[in-house]
Amino acid sequence: MPDTQQLPPLHVVLAGPRGFCAGVDRAIRVVEESLRRYGTPVYVRHEIVHNRTVVEALEAQGAVFVKELDEVPADGHVVFSAHGVPKSVPAEAERRNLLYLDATCPLVSKVHREAERHYADGGPGMRHILMIGHAGHPEVVGTMGQLPPGSVTLVQNTAEAESVQPATPDRLAFITQTTLSVDDTAEIVATLRRRFPQIEGPKREDICYATTNRQAAVKAIAPNCDLVLVIGSPNSSNSQRLREVAERAGARRAILLPKADQLDWSALDGVRTLGVTAGASAPETLVQELIGRLGQHYTLRIEERQVTQEDVVFKLPAPLC
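Moving on, we come to the overall build of the chain. Helices and strands together make up the secondary structure of the chain, namely ten helices and twelve strands. In terms of overall dimensions, the chain is globule-like: its C-alpha atoms have a radius of gyration of 21 Å, near the 20 Å expected for 321 residues. With the C-alpha coordinates aligned to their principal axes, the bounding extent of the chain is approximately 75 × 55 × 30 Å. Counting all 321 residues of the chain, 53% fall into the buried class.

Listed below in structure tokens is the structure:
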């Protein structure tokens, strides 16, 4: 063991809240309870959440991750991921007599219902929907798949908000992906409202509480940090947004780090104050693993900076209650 008296000092500021949100926790519990109740294997369509550590832990328990339902044998048990799925997916599961469990985050399901309501309430001819989100993200694919093809147009940024030309500009509504940058989304919404004053929006903000809280926590610590490490997977939208928010909020640098053993230690050269957070799909064990590794190289002074407390809990879907 190195002599801690010889190790350089490092001030570590832990952002709070960080890590798992209620929707991610529920999705993982859906898979674990399915395995307990039905035995192995239980199939999961796509990554249950965007984190390899979580996926590998569930694989070790007997979960089998597949890309599409045609990889699930007849009469198999299958779980849909937290990101949600198009309506065609449960319809196909029913056609094949698969027992399916829907682990879609309830806050994503809320956006699905909003899209359906706005579409149906459009009066003569249905209202067209503008969805603010990232192309190809599973949540966006699932949400757009709640309505007939052509009913939803994706808007990814302010430039697209300025240029989009819907066929029915007087019958419009917007919805958003739940894991976006709060600030970026506000700019896009402002642009849409300026161009289309009659556009309908959600009664309450679509960006989920966990995304909002984690971005607020990063904003609180970033201005005083030489570097912010965001623990999360590259395909995690909310983790990527945390990295962007940290840089915009004043951190000298921000890095997305999937796992502690992937840290390039040269990135800490000259760093005296290190901010640490974790995306909503990253387990706290990864944060603690990072702290343990940092403690082998530095004399740590650890500070927790909590901007709000979270007490949200979602029930399991009916078949598992």
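Let us now look at the sheet that holds strand β1 (residues 9-16). Two orientations exist for strands paired in a sheet by backbone hydrogen bonds: parallel and antiparallel. Reading across from one edge, β10-β9-β11-β1-β12 is the order of the five strands in this open sheet, with parallel pairing throughout. Each edge of the open sheet is held by one strand with a lone partner, namely β10 (254-257) and β12 (299-306). On average, adjacent strands in this sheet sit at an angle of 25 degrees to one another, irrespective of strand direction. In this structure, β1 lies alongside β12, joined through eight bridges in parallel fashion.

This brings us to the packing of helix α8 (residues 209-221) against helix α9 (residues 237-248). Interhelical geometry of α8 versus α9 gives an angle of 30 degrees and a closest axis separation of 9 Å. Taken together, α8 and α9 sit at an angle that is classed as roughly parallel. In terms of crossing hand, the pair formed by α8 and α9 is right-handed. Counting all contacts with α8, which are made through T211, R214, Q215, V218 and K219, the residues of α9 involved are N238, R241, L242, V245 and A246. By residue class, the composition of the contact of α8 with α9 is four nonpolar, three polar and three charged.

This part is about the sheet that holds strand β4 (residues 77-80). Across the sheet, which stays open at both edges, the four strands sit in the order β3-β2-β4-β5 with parallel pairing between neighbours. In this open sheet, the two strands that pair with only one neighbour each are β3 (63-66) and β5 (99-102). Across the sheet, the axes of successive neighbouring strands diverge by a mean angle of 30 degrees, strand direction being ignored. In the packing of helix α1 (residues 22-38) onto the sheet, the strands contacted are β2 (42-45), β3, β4 and β5, and the crossing angle to β5 comes to about 150 degrees.

Looking now at the packing of α1 against helix α2 (residues 52-61). Orientation of α1 relative to α2, taken along the N-to-C sense of each, is 10 degrees, at an axis distance of 10 Å. It follows that α1 is roughly parallel to α2 by the angle criterion. Along its contact with α1, which presents I28, V31, E32 and L35, the element α2 presents V54, L58 and Q61.

Here we take up helix α3 (residues 88-95). Along α3, the residues that are buried comprise V89, P90 and A93. Looking straight down α3, one finds that the buried residues subtend no more than 95 degrees of arc, so they occupy a single side. For α3, the exposed residues lying more than 90 degrees away from the buried face are S88 and R95. Next to the buried residues of α3 lie β2, β4 and β5. Once α3 finishes, N97 follows within two positions and takes phi at roughly 60 degrees, a positive value.

Reading the values: rules and limits
Residues numbered from 1 in each chain as written. Predicted model: local features only at pLDDT ≥ 70, side-chain atom pairs only at ≥ 80, totals over all residues. Heavy atoms only, no water. Helix = DSSP H or I, 4+ residues; strand = E, 2+ residues; numbered from the N terminus. Rg over C-alpha atoms; globule rule 2.2 N^0.38 Å. Buried < 20%, exposed > 50% of the residue type's maximum accessible area, 1.4 Å probe, protein only. Pairing = 2+ DSSP bridges. Axes fitted to C-alpha atoms, helices over the stretch in contact; angles between N-to-C directions. Parallel < 35°, antiparallel > 145°, perpendicular 65-115°, else oblique. Left-handed = near helix turned anticlockwise from the far one by under 90°. Contact = heavy atoms within 4.5 Å. Nonpolar A, V, L, I, M, F, W, Y, C, P; charged D, E, K, R; others polar. Arc of directions from axis to C-beta.

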